[in-house]
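So the chains spell out like this:
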Amino acid sequence: MFGDLFEEDFSFISNNHCGKGKKSKPRDSEPPAPRDFTNLSGIKNQGGTCYLNSLLQTLLFTPEFREALFSLGPEELGTLDDSSKPDAKVRIIPLQLQRLFAQLLLLDQQAASTTDLTESFGWNSHEEMRQHDVQELNRILFSALETSLVGTSGHDLINRLYHGIVVNQIVCKECKNVSERQEDFLDLTVAVKGVAGLEEALWNMYVEEEYFENENLYRCGACDKLVEASKSAKLRKLPPFLTISLLRFNFDFEKCERYKETSCYTFPIQINLRPFCEQTEMDDSEYMYELFSVIIHKGGCYGGHYHVYIRDVDELGNWQLQEEDRLIEDKPLRETENAEEIENPLAVLKGIFSEEESKQIPVDQLGQRLLEKKGVSWNKKYRKQYGALRKYLQNHPQIFHFSPDENKVGLKEKQKLLFMSDSQGQDLQSRPQKNDVQWKAEKKPTRLRDSSAGHHWFDLNDSKVQPIKEKDIEKQFQGKESAYMLFYRKSQLKRPPEARGNPRYQIPEHLLNEMNAANTELQKKRVECDSANNGIDLHLHLSSCYKFHNGALHPSLTWKESVVDLTIDRRKTLGDLRQSVFQMLESWEGDMILSIAKPLPAGLHLYQILDGDELTLDGVGLADGTDIFVWNGKEVGGTKVMTGPDHEPVVVNVLRLAEYNEGGKGQHFTESQHVFSCSTKLGDLHRALAPSGGIILKNSSGPDKEAKNWEVFREEDMKETVKSVGLTDGCSVLILDSHDQSFVNVSSGNLTAFTYDISWLQVKNFCRTEDEEKPVKITATIETVMSDIKRKAIRELQLEEELANDSCLRPVSRNGKLLSPVPEDYTVKEAELKMGSLLGLCHGKAPTSTQLFLYFIVGSDQNASPEMEIVVEETASVKECLNLMLEKSGLSGDNWHLRRIDWCYEAGEALSQENATLKELNVCRGDTLVITEGKLPPKGFLKIPIWWFKSSSHRKHGENAEDKVNGLTYKVEALQVSSAGDSPEYIHTDMDLCYAGSIEIAGEASLEDLKMQYVLIWHLLICHVQWF
């Protein structure tokens, strides 16, 4: 399965060891997270390497293996720095394994990477994504290590720790002769199917005997005949570490598919192997083994996930269970004492906020934090009694503080200090409560005095490490998530006292120095990253550089000169911010007020004042990019400034009917923008926009949608404010004076006679080609007449008014092509124009409603003939249209006809009725016609080209009749794609065909008639050749 996974191929070696000669690889922007409360390091999953991670953690927590590996120094293994030297003998796999173990023991990171180790295997990214069998990996890894350590003092490392011997014996019943065969093993494979547990499986393998009797006899070598015999197996030599693989995966021969055994299969924490051994006279301690690792497989036979339960023999980790697990006996009492606190969500939410370093949490993520902490959602536990989470937070403004945009919420600084002091007092005066458990309170919490000291178990699941109880192992006896490999160690193996709790024990000096340097670098990067993550950029707007007009603040200088950028740590206080601003503005005199500002379409507007110097910037909701206005809190440039959301300026689009209405159809509008405070009464707005009376209408669909109708503001609406009636930035209002109201019929507050969308079209000047001009926007409705649009476009483009008599509007396609001009008496709706379309203002008069604008080309090749334009009456005949096109293209003669252009942009159907009008033939405005050479045959006749094929005397030598037919078929097919007008000189000279002319024949003629005309032409051709 693994192939040459562990071959030491130097072309795959990475020199990546703590920055020395590191390969160029993408690096994360942030340093890895430090270890959690367990003080143990996990291993990152490279995509499908959970089985490798589980095995590596087992080897790491086998102290005898780890220390034996560390005992091999650079003088035996070489160094990674020398790996690129051609003559150096560097044993890459043990070196990378040493380095990985050192990282797992000493490097302060949550999870180590196995990238360098797998690269030393020659493992590519494809292998990293594939999941393999952990049992097979164990055997191949041991084999690779043995090969790599040949010639060193660690050559027998694997055999010394894992090698055992099984002896198979057959005893003859007659002569008592014993025939035996010895087998070495590094791990034992035991059956799971049909077996209750490990001890029963070992009993079946090493105690039960198999008998040869009746028809199944054994040929004894001593007796030289078939005899009755017994067969058995025993453990002859026990290794210090016993690895047992469980045969969870089997094959169902009836269904022809693999399956996983999920039945209950027990295994003991301690096991006595005396009954299964050949020699049983030694002391019991020689046969006692203790479980220290269980590799677990979760999933099915075709895939899944591995993790491992490991006993921390040297007590390197901090083992601490959740408070409710350790004090399970006091649960009824605790629930009684804390009933009020559990039911009160305030204490739970305060606890969540107190654990957050960022001070504020997005409201939409707070529910997820509650679910993670309590194991129950807000909706399920509290919503019925306290309502929605956001509403509950808003109902407690004295405790919770929202950010200006109300997307984040945090605990007010005073409440946080009170909660922290209360929590500390409880910790000192009373025993811990369920809701006060702090998993990450300290880096190295005090060890618990537990009766199971030295028997602390951890679940190492890739990057995640968490403590478990010994009894949790029983959960892995059965099911889809169950034990797959068991690792036992001899009970006689005792650890030295100096190894207990000492991860640096027996680690070589050069690796200690390397890890110390790496930790120093990690700490430096974390400090830098912490500073970068908590730094925010604030934009300071100075009041001396602003003036207040038209309802908002506007810079009197350029934007760059009016704004000062300041970078500050979000954990600092408002007092620190104020001090920093004072230092930047040394010339500032008088009081300094800091207000949150926000750029609006009308200008800069001020909101709440930042008050409370003891509050942190993060606590008051200052985020990266926040705008802050620095002023005296009263006026700017002598003008009093109103602040807060109730005085936000709103930009309103005001439309009025124009004084003239060209064309007799549709309406024309003038447009202007006005700014009002959102607290302005509608009556004041009415007096400002329509002092002489009239009515005001609002676009009811908003600025970004197509309006279907307009809503009329009534007399009772005049007491409402701009904000309450829904007028926001960009909304349109229509002012109709008394003389304009005749255009509409107001019914039930809506316009019923005038319901057209007020929008715009774009017009670009194509009359001048020397300068590139930007299009202008022209306000229009679907009933606006094209002549009005043209006249306003000429005025907006600042062109001569006389151009209106010699210009037209032409739609522009997406690829930039000018389409046919639009008649000036058409409305936008009749011209089938979409609002926002681009029109081109071009020279030339637009066609009338009885004229057609057509495109035409000569021949079907666009590259050879450019596309031309012409305007003709729709009552003109095909012949008249052809003559006008010939005249414009500079052609003459009567050997031409017109064809339509097909969807492939090639010459298609011919316009054969020369006297029919274009309207009768359904030729439409914008169509493209093709002038094609050649006269059309009379009505009812066909024009058929004639080709001669050379006689057989011209065939190549050896060419048979079948080849002749095939070749002729191919050449005729080639001619079928040729133009009907091709003359002989356009035909490939390497063909055996020659052009003889064409025949005009009635469509009802028979093939015999066609043949007679063909023979006649042939005779004429022969006579012509003989004459010359």
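Residues numbered from 1 in each chain as written. Predicted model: local features only at pLDDT ≥ 70, side-chain atom pairs only at ≥ 80, totals over all residues. Heavy atoms only, no water.

## Brief notes about the overall build of the chain
For the record, the criterion: Labels follow the DSSP assignment, with helices taken as runs of H or I lasting at least four residues and strands as runs of E lasting at least two, numbered in each case from the N terminus. Residue burial is assigned from relative accessible area. The probe radius is 1.4 Å, only protein chains are included, and a residue is buried under 20% of its type maximum, exposed over 50%, and partly exposed in between. What makes two residues a contact is simply this: any of their non-hydrogen atoms within 4.5 Å. Surface accessibility in these figures is a Shrake-Rupley result with a 1.4 Å probe; residues are shielded only by whichever protein chains are displayed.
Assigned secondary structure in the chain consists of 26 helices and 48 strands. A buried classification covers 43% of the 1028 residues belonging to the chain. Long-range contacts, defined here as pairs at least 24 residues apart, represent 70% of the contacts in the chain between residues at least 6 apart. A total of about 55400 Å² of accessible surface is found on the chain, and carbon and sulfur atoms cover 48% of it.

## Quick notes on the packing of helix α13 (residues 345-354) against helix α14 (residues 363-374)
For clarity, the threshold we go by: Here an axis means a line fitted to C-alpha atoms, over the contact stretch when the element is a helix, while the angle between two N-to-C directions is reported on a 0 to 180 degree scale. Roughly parallel refers to an angle under 35 degrees, roughly antiparallel to one over 145, roughly perpendicular to one between 65 and 115, and oblique to any angle outside these ranges. Under the grouping applied here, Gly and all other residues not named as nonpolar or charged are polar, the nonpolar ones being Ala, Val, Leu, Ile, Met, Phe, Trp, Tyr, Cys and Pro and the charged ones Asp, Glu, Lys and Arg.
Two elements in contact, α13 and α14, have axes separated by 10 Å at closest approach and are oriented at 100°. In terms of their interaxial angle, α13 and α14 are classed as roughly perpendicular. Facing V348, L349, I352 and F353 of α13, the residues of α14 in contact are L366, R369, L370, K373 and K374. Across the contact of α13 with α14, the residue classes break down as six nonpolar, no polar and three charged.

## Here we look at the pattern of salt bridges
We apply this condition: Any carboxyl oxygen of Asp or Glu that lies within 4 Å of a side-chain nitrogen of Lys or Arg is treated as forming a salt bridge with it.
Tallying each qualifying case throughout the model produces 29 salt bridges. For D284, the salt bridge is made with R274, and the minimal N-O distance between the two is 2.3 Å. You can see D284 sitting in the loop between β13 (270-272) and β14 (288-300) and its partner R274 sitting in the loop between β13 and β14, a full ten residues away along the chain. Among the residues examined, D284 registers a relative accessible area of 38% and is labelled partly exposed. Here R570 and D618 are joined by a salt bridge, their closest N and O atoms 3.5 Å apart. In this pair, R570 sits in the loop between β25 (563-569) and α21 (574-584) while D618 sits in the loop between β27 (603-609) and β28 (627-631), placing the two residues 48 residues apart along the sequence.

## Overview of the sheet that holds strand β3 (residues 164-172)
The condition is simple: If DSSP finds at least two bridges between two strands, the strands pair.
Strand order across the open sheet formed by four strands is β4-β3-β9-β6, with antiparallel pairing between neighbours. Every other strand in the sheet has two partners, leaving β4 (178-185) and β6 (210-212) as the edge strands with one partner each. Between one strand axis and the next, the sheet turns by 25° as a mean value, whatever way the strands run. Of the strand pairs in this sheet, β3 and β4 are connected by eight bridges, and their pairing is antiparallel. In the sheet register, Q169 faces β4, and the bridge partner there is E180.

## Quick notes on the confidence of the model for the chain
Low pLDDT marks stretches whose predicted atomic positions should not be read closely. As a reminder, the rule being used: pLDDT expresses, on a scale from 0 to 100, how confident the predictor is about each individual residue.
Overall, the prediction assigns the chain a mean pLDDT of 79, with 79% of residues at 70 or greater. Here residues 327-342 is a poorly scored stretch, pLDDT under 50, and it has twelve contacts once near neighbours within four places are set aside; other chains count. Predicted confidence for residues 972-990 stays below pLDDT 50, and this span has ten contacts to residues more than four positions away or in other chains.

## With respect to the pairing of strand β40 (residues 807-811)
Burial analysis of β40 places five of its five residues in the buried class, the great majority of the element. Burial of the side chains of β40 extends over both faces: S807, L809 and P811 are buried on one face and C808 and R810 on the other. Across five bridges, the pairing between β40 and strand β41 (residues 838-843) is antiparallel. The residue bridging R810 from the neighbouring strand is G840, located in β41.

## Re a nonpolar patch on the surface
Test applied: Grouping into patches uses exposed residues only, defined as over 30% relative accessible area, and leaves out salt-bridged ones; the cut-off is 9 Å for like charges and 5 Å for nonpolar side chains (Val, Leu, Ile, Met, Phe, Trp, Tyr).
On the surface, Y1014, W1018 and I1022 cluster together to form a nonpolar patch covering roughly 260 Å² of accessible area. Within the element layout of this structure, W1018 appears in helix α26 (residues 1007-1027).

## Some details on the packing of helix α4 (residues 92-106) against helix α19 (residues 509-534)
Rules: It is the rotation of the near helix from the far one that decides the hand of a crossing: anticlockwise by less than a right angle makes it left-handed, clockwise makes it right-handed.
Where α4 contacts α19, the two axes come as close as 10 Å, and the packing angle between them is 50°. Classed by the angle they form, the pair α4 and α19 counts as oblique. Regarding α4 and α19, the two cross each other, and that crossing is right-handed. Contact residues: α4 offers Q98, R99, A102, Q103 and L106, while α19 offers L511, L512, E514, M515 and N519. Tallied by class, the residues present in the contact of α4 with α19 amount to five nonpolar, three polar and two charged.

## What about the side chain of T58?
Position of T58 among the secondary structure elements: in helix α1 (residues 50-60). Excluding its chain neighbours within four sequence positions, the residues that come into contact with T58 are F292, S293, I295, V308, I310 and F487.

## Re the sheet that holds strand β18 (residues 408-411)
With antiparallel pairing, the three strands of this open sheet are ordered in space as β16-β18-β17. Two strands lie at the open edges of the sheet, namely β16 (360-362) and β17 (400-402), each paired on one side alone. Across the sheet, the mean angle separating the axes of adjacent strands is 30° when strand polarity is ignored. As defined by bridge partners, β16 adjoins β18 across three bridges and the pair is classed as antiparallel. What sits directly across from P362, in β18, is K408. Running at roughly 100° to β18, α13 makes contact with β16, β17 and β18 of the sheet.

## Structural notes on α4
Threshold: A helix is expected to span 1.5 Å for every residue after the first.
Given a rise of 1.5 Å per residue, 15 residues ought to cover 21 Å, and the 21 Å separating the end C-alpha atoms of α4 matches this to within 8%. Summarising burial for α4: 15 of the 15 residues are buried, a large majority.

## Here's the deal with the nonpolar core
Using the following cut-off: Nonpolar core, defined: a set of buried Ala, Val, Leu, Ile, Met, Phe, Trp, Tyr and Cys residues in which side-chain atoms within 4.5 Å join the residues together.
Residues F65, L97, F101 and Y162 are the most contacted members of the largest nonpolar core, which totals 65 residues. Per-element accounting of this core gives the leading share, ten residues, to α4. Among all residues touching L97, those that are not within four sequence positions of it are L56, F65, L69, L117 and L145. By size, the runner-up hydrophobic cluster in this structure holds 35 residues, among which are L188, A201, L235 and V294.

## Regarding the environment of G893
Among the structural elements, G893 can be located in the loop between α24 (878-889) and β44 (896-901). With a relative accessible area of 58%, G893 lands in the exposed category. For the pair G893 and N883, spaced ten residues apart in sequence, the C-alpha to C-alpha distance is 9.5 Å.

## Overview of the packing of aromatic side chains
Put simply, the test is: Here a pair means two rings of Phe, Tyr or Trp (six-membered ring of Trp) with centres within 6.5 Å. Their orientation is stacked below 30 degrees between planes, edge-to-face above 60, and tilted elsewhere.
Across all of its chains, the model carries 17 aromatic pairs by this definition. Between F65 and F101 the ring centres are 6.4 Å apart and the planes differ by 70°, which places this aromatic pair in the edge-to-face class. One end of the pair, F65, is in helix α2 (residues 63-70); the other, F101, is in helix α4, and 36 residues separate them in sequence. Judged on exposure class, the residue F65 and its partner F101 are both buried. Ring geometry for F241 versus F292: centroids 6.0 Å apart, planes at 70°, classification edge-to-face.

## A look at unusual backbone geometry
For C256, which is not glycine, the phi torsion reads 55° and is therefore positive. Examined against the element boundaries, C256 turns out to sit in the loop between β11 (249-252) and β12 (257-260). On the basis of relative accessibility, which here comes to 57%, the residue C256 falls in the exposed class. Unlike most non-glycine residues, Q506 shows phi in positive territory, near 65°. Structurally, the position occupied by Q506 is in the loop between β21 (481-490) and α19. What makes Q506 partly exposed here is its relative accessible area of 44%.

## What about the pairing of β28?
Burial analysis of β28 places five of its five residues in the buried class, which makes it a mostly covered element. Of the two faces of β28, both are covered, the one formed by D627, F629 and W631 as well as the one formed by I628 and V630. Here four bridges tie strand β22 (residues 535-542) to β28, and the two strands are oriented parallel to one another. Counted as the bridge partner of L540 is I628 from β28. When strand β26 (residues 593-600) meets β28, the two strands line up antiparallel, connected through five bridges. Residue pairing in the sheet places L594 in a bridge with V630 of β28.

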